[in-house]
Amino acid sequence: MTRAQTLLALAAVVLASMAALQLPGRLFFALAAVLLIGVVAAGRLRAGLRARRTPPRDTLDAGTRAAEIRAARERRLRR
């Protein structure tokens, strides 16, 4: 899940919470929350369908996988 999708989902939760209060225009807040959740859901579905199209790895070599994990850890620690 991308950062933008996370922030959109959080905004949807805030809007849905505001729609639960007795505020004028709460229907707008509810509709906006549903729209944002729909946008996030569409993005997740699209990412899932793209991931299914990518071919799986040819081999499951433990040494190669360990090297990839170490390299990723080093990249994270350098930031």
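These remarks concern the structure in this document. (Residues numbered from 1 in each chain as written. Predicted model: local features only at pLDDT ≥ 70, side-chain atom pairs only at ≥ 80, totals over all residues. Heavy atoms only, no water.)

A few points about the overall build of the protein chain
This is how the line gets drawn: Helix and strand assignments come from DSSP, with helices taken as H or I runs of at least 4 residues and strands as E runs of at least 2, each series counted from the N terminus. We take the radius of gyration over the C-alpha atoms and set the globule estimate at 2.2 Å times the residue count to the 0.38 power. Exposed residues in this analysis have more than 50% of their type's maximum accessible area, buried residues have under 20%, and partly exposed residues fall in between, with area computed by a 1.4 Å probe over protein chains only. With residues, only the protein chains shown are counted as cover, and all accessible areas are computed by Shrake-Rupley using a 1.4 Å probe. In summary, the charge assignment counts Lys and Arg as positive and Asp and Glu as negative, without counting His or the chain termini. A charged residue contributes its charge at one atom only: NZ of Lys, CZ of Arg, CG of Asp or CD of Glu.
The secondary structure content of the protein chain amounts to three helices and zero strands. Tracing the protein chain from N to C terminus, the helices and strands come up as α-α-α. The C-alpha atoms of the protein chain give a radius of gyration of 20 Å, which is well past the 12 Å a tight globule of 79 residues would have. Over its C-alpha atoms, taken along the principal directions, the protein chain stretches across nearly 60 × 30 × 15 Å. Counting only residues that meet the buried cut, the protein chain has 11% of its 79 residues in that class. Surface summary for the protein chain: the accessible area is close to 6,800 Å², and the carbon and sulfur share equals 65%. Positive and negative side-chain charges of the protein chain, numbering 15 and 4 respectively, have mean locations separated by a distance of 16 Å.

Quick look at the nonpolar core
For clarity, the threshold we go by: Within this scheme, the nonpolar core is defined by two criteria: the residues are buried Ala, Val, Leu, Ile, Met, Phe, Trp, Tyr or Cys, and they are joined through side-chain atoms within 4.5 Å. Note on definitions: a residue-residue contact is assigned when non-hydrogen atoms from the two residues lie within 4.5 Å.
One finds Ala-12, Leu-15, Ala-19, Phe-29, Ala-32, Ala-33 and Leu-36 forming the largest nonpolar core, which totals seven residues. Counting only elements with at least two residues in this core, the list comes to α1 (3–20) and α2 (26–53). For this core, the element with the most residues is α2, which contributes four residues. For Ala-33, the contacting residues outside a window of four places in its chain are Ala-12, Leu-15 and Ala-16.

A look at the environment of Ala-16
Mapped onto the fold, Ala-16 is located in helix α1. Its relative accessible area of 38% is what places Ala-16 among the partly exposed residues. Separated by 46 residues in sequence, Ala-16 and Ala-62 have C-alpha atoms that sit 46 Å apart.

Notes on the environment of Gln-22
When you line up the elements, Gln-22 lands in the loop between α1 and α2. Residues Gln-22 and Arg-52 lie 30 residues apart in sequence; the distance between their C-alpha atoms is 44 Å.

Observations regarding the side chain of Gln-5
Just so we agree on the cut-off: For this analysis, a polar contact is any N or O atom pair within 3.5 Å, provided that within protein one partner can donate a hydrogen and the other can accept it, and provided that sequence-adjacent residues contribute only side-chain to side-chain pairs.
Looking at the element boundaries, Gln-5 is found in helix α1. Polar contacts involving the side chain of Gln-5 include one to the main-chain amide nitrogen of Thr-2, which spans 3.2 Å.

With respect to a nonpolar patch on the surface
In plain terms, the rule: Here a patch means residues that are over 30% exposed by relative accessible area and free of salt bridges, tied together within 9 Å if like-charged and within 5 Å if nonpolar (Val, Leu, Ile, Met, Phe, Trp, Tyr). Whenever a carboxyl oxygen of Asp or Glu lies within 4 Å of a side-chain nitrogen of Lys or Arg, that contact is scored as a salt bridge.
Residues Leu-7, Leu-10, Val-13 and Val-14 make up a contiguous nonpolar surface patch of roughly 370 Å² in combined accessible area. Assessed through its relative accessible area of 44%, Val-14 is described here as partly exposed.

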